Amino acid sequence: MKALLRWPLTWHFQWQVLLCMLVGASNVLAFAPFGFWPIQLFTLALLFHLTLSNPDAPIKHHAWRGWGFGLGWTGCGMYWLYITMYHYAQLPLLVAAAAVLLLAMFYLAPFSALALAGSAWLRRRWGLSANLSAVLLLPAAWAVTEWMRGWLLTGLPWVVSGYAHTQSPLAGFAPVIGVYGIGGLAALCSAGLSSTFKQARSWPILIAGGVLLLGQLLQTLHWSQPQGQPISVRLLQGNVAQELKFDRNRVNDSLMLYQRMIEAEPADLIATPETAIPLFIQQVPPDYLARLHQFSRDSNSHLAVGLLIADGQNQYANSLIGISPRSDSLYRYDKGHLVPFGEFVPTGFHWFVDLLGIPMSDQTPGKAWQRAWQVKDQAVLPNICFEDLFGEEIAHHMQAAAANGAATPSILLNVSNLAWFDDSLALPQHLQIAQMRAIETARPMLRATNTGATAIILPDGTVQVQQPFLQQNSISAKVQGMQGLTPYVRFGNGIMLVLAGLALAAAWVLRKRLSK
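Since this is a predicted model, take the numbers as computed values, not measurements.

## Brief notes about the layout of surface pockets
Next up, step 1: A volume near 420 Å³ is recorded for the second largest pocket.
Next up, step 2: Along the walls of the second largest pocket sit 19 residues, with Q219, L221, H222, P459 and D460 positioned nearest its centre.
Next up, step 3: Along the lines of polarity and charge, the residues of the lining of the second largest pocket split into 10 nonpolar, 8 polar and 1 charged.

Okay, here's the thing in structure tokens:
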């Protein structure tokens with residue numbers, strides 16, 4: 001990166017990088033809450049056109065274009081990260097903004113730079129035509145680099161390309177190749193569109209049209225079937241302000257609030273948000289949990305309650321406990337994929353976390369596989385906050401259930417607290433991420449959140465019912481659990497990686513025949 005920063009750009013090329021940055025910023029409109037998914041196809045088409053129409057440009061040029069696009073896209077798409085640092089950690093505004101900018105510059109944007117530079121390098125090495133590069137190289141490189149963003153340095157796959165397509169024809173591919181595969185297909189459609197900028201008739205655009213049509217047809221398939229009887233569900237949204245949530249003088253208010261909301265009406269499953277009780281379970285008054293147990297027994301309700309659990313000195317987990325009407329023992333789920341700096345401290349960065357003053361910032365991760373919770377006929381699999389960004393991890397829980405002789409999850413439950421980000425794009429974006437998980441797994445997804453988006457999502461990604469943001473209330477509905485494993489659940493991102501590998505292999509085999 002230092003070498004790239006020292007490289008003297010020409011004025012002409014500087015304007016190109018600035019254009020890519022602005023185009024990348026407009027790509028945010030493809031995601032929730034805007035939902036104009038075709039914009040993504042056009043923004044990527046313009047980016048790819050600059051790459052495909054300049055085959056002799058230095059590889060650095062392609063990297064810089066991709067980097068500029070990625071900076072505008074992720075910087076604007078995740079601007080809301082500054083809210084935590086500025087409003088709640090009380091860092092100076094410029095310091096908070098600089099931290100978000102540096103994250104986008106040096107961690108997020110380089111992935112799109114790598115996709116363009118890598119595909120341009122392979123095209124030159126193999127002597128490929130623009131059309132062959134558009135159909136094979138660019139889509140494969142785009143999908144693989146987005147997949148890398150999902151795991152490198154624990155991963156941060158927020159607003160990766162595929163999430164823009166929960167309501168587009170490409171959503172039909174989600175149960176097969178997942179969100180990263182959809183990102184690759186979006187790149188394929190965009191690259192096909194870019195080829196028409198130079199020639200009106202182009203076979204890549206026909207392939208792109210065929211992909212969209214096939215996606216529409218795939219949406220007519222049913223990847224799962226009803227499991228048992230539906231259950232009644234109530235999801236609570238307490239709307240507790242973040243600055244009050246961990247205030248010791250207001251903890252009792254939270255306890256009483258959620259007790260009232262829980263006891264307002266029975267349901268087969270009643271779920272609170274993440275850390276609705278901002279205490280360790282050992283600190284919760286014994287009579288409080290006893291009252292919840294009694295309500296559970298009297299109303300035949302299962303209660304999912306978010307809190308913290310200490311397992312020893314400097315060992316504590318962000319957890320969800322399940323209170324069942326016919327059992328005195330508690331179900332327990334511990335968050336496994338922790339947020340860097342917010343929930344675990346990378347080596348050498350304790351000074352930064354201390355500066356932010358984030359409570360509970362060095363937690364213990366949960367086990368790689370945890371059983372689902374049986375609620376009448378349904379096996380409910382929890383995940384906490386941004387764990388639902390990682391579709392392959394949820395798929396692993398579902399696969400492991402069968403391997404360990406446990407009930408296969410039939411309903412997904414996400415509990416979150418996004419009060420850290422106020423009324424920003426983070427809330428609708430997180431809802432869209434949950435929609436993608438529902439489509440990939442062909443399971444309903446329940447969301448109980450502090451400030452939003454509390455919602456019930458059907459297996460096809462449709463939002464059945466949603467509580468408005470920043471309002472204290474609950475939502476209720478009957479939810480039908482589902483059974484049957486989609487190809488994505490069975491094989492995770494493996495199908496996408498195999499297809500990307502086949503695309504690269506095909507480009508290598510055809511490089512001499514079709515590169516004229």
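## Quick word on the pattern of salt bridges
Next up, step 1: All told, the structure shown has 7 salt bridges when counted by the stated rule.
Next up, step 2: Salt-bridge contacts for R332 lead to D311; the nearest nitrogen and oxygen are separated by 2.7 Å. Taken together, the positions of R332 in strand β6 (residues 330-334) and D311 in strand β4 (residues 302-312) put the pair 21 residues apart, joining distant regions of the chain.
Next up, step 3: Exposure remark for D311: the relative accessible area of 46% places this residue in the partly exposed category.
Next up, step 4: The network of salt bridges with common partners includes D311, R332 and D334.

## Concerning empty space enclosed by the protein
Using a probe with the size of a water molecule, rolled over the atoms, empty space left in the structure can be pinpointed.
Next up, step 1: Summed over all chains, the structure comprises 2 cavities of 30 Å³ or more.
Next up, step 2: By volume, the largest cavity is sized at about 70 Å³.
Next up, step 3: Taken together, G70, W73, T74, L108, F111, S112, W142, T145, E146 and R149 form the lining of the largest cavity.
Next up, step 4: Where the lining of the largest cavity is concerned, the elements lending two or more residues are α4 (59-77), α6 (93-126) and α7 (130-149).

## Considering the packing of aromatic side chains
Next up, step 1: Throughout the structure, instances matching the rule amount to 14 aromatic pairs.
Next up, step 2: Ring plane angle 10 degrees and centroid distance 6.0 Å describe the contact between W73 and W142, whose orientation is recorded as stacked. Taken together, the positions of W73 in helix α4 and W142 in helix α7 put the pair 69 residues apart, joining distant regions of the chain. Here W73 matches W142 in class, with each residue buried.
Next up, step 3: The interplanar angle of 75 degrees and the centroid separation of 5.6 Å between the aromatic rings of F280 and Y316 together place this pair among those described as edge-to-face. With a gap of 36 residues between them, F280 in the loop between β3 (269-271) and α12 (286-299) and Y316 in strand β5 (residues 315-323) connect regions that are remote in the sequence. Accessibility classification places F280 together with Y316 in one group, the buried group.
Next up, step 4: Clustering of aromatic rings is evident, with ring pairs tying together F48, F69, W73 and W142.
Next up, step 5: We note R149 situated over the ring of W73; from NZ or CZ to the ring centre the distance is 5.6 Å.
Next up, step 6: If you follow K245 out to its NZ or CZ, it ends over the ring of F246, 5.9 Å from the centre.

Definitions and limits used
- Residues numbered from 1 in each chain as written.
- Predicted model: local features only at pLDDT ≥ 70, side-chain atom pairs only at ≥ 80, totals over all residues.
- Heavy atoms only, no water.
- 1 Å grid on protein atoms, 1.4 Å probe; cavity = no way out; pocket = protein on both sides within 12 Å on 5 of 7 lines; lining within 4 Å.
- Points joined across faces, edges and corners; volume = space filled by probe spheres on them.
- Nonpolar A, V, L, I, M, F, W, Y, C, P; charged D, E, K, R; others polar.
- Salt bridge = Lys/Arg side-chain N within 4 Å of Asp/Glu carboxyl O.
- Helix = DSSP H or I, 4+ residues; strand = E, 2+ residues; numbered from the N terminus.
- Buried < 20%, exposed > 50% of the residue type's maximum accessible area, 1.4 Å probe, protein only.
- Phe/Tyr/Trp six-rings, centres within 6.5 Å; stacked < 30°, edge-to-face > 60°.
- Lys NZ or Arg CZ within 6 Å of the ring centre and 35° of its normal.

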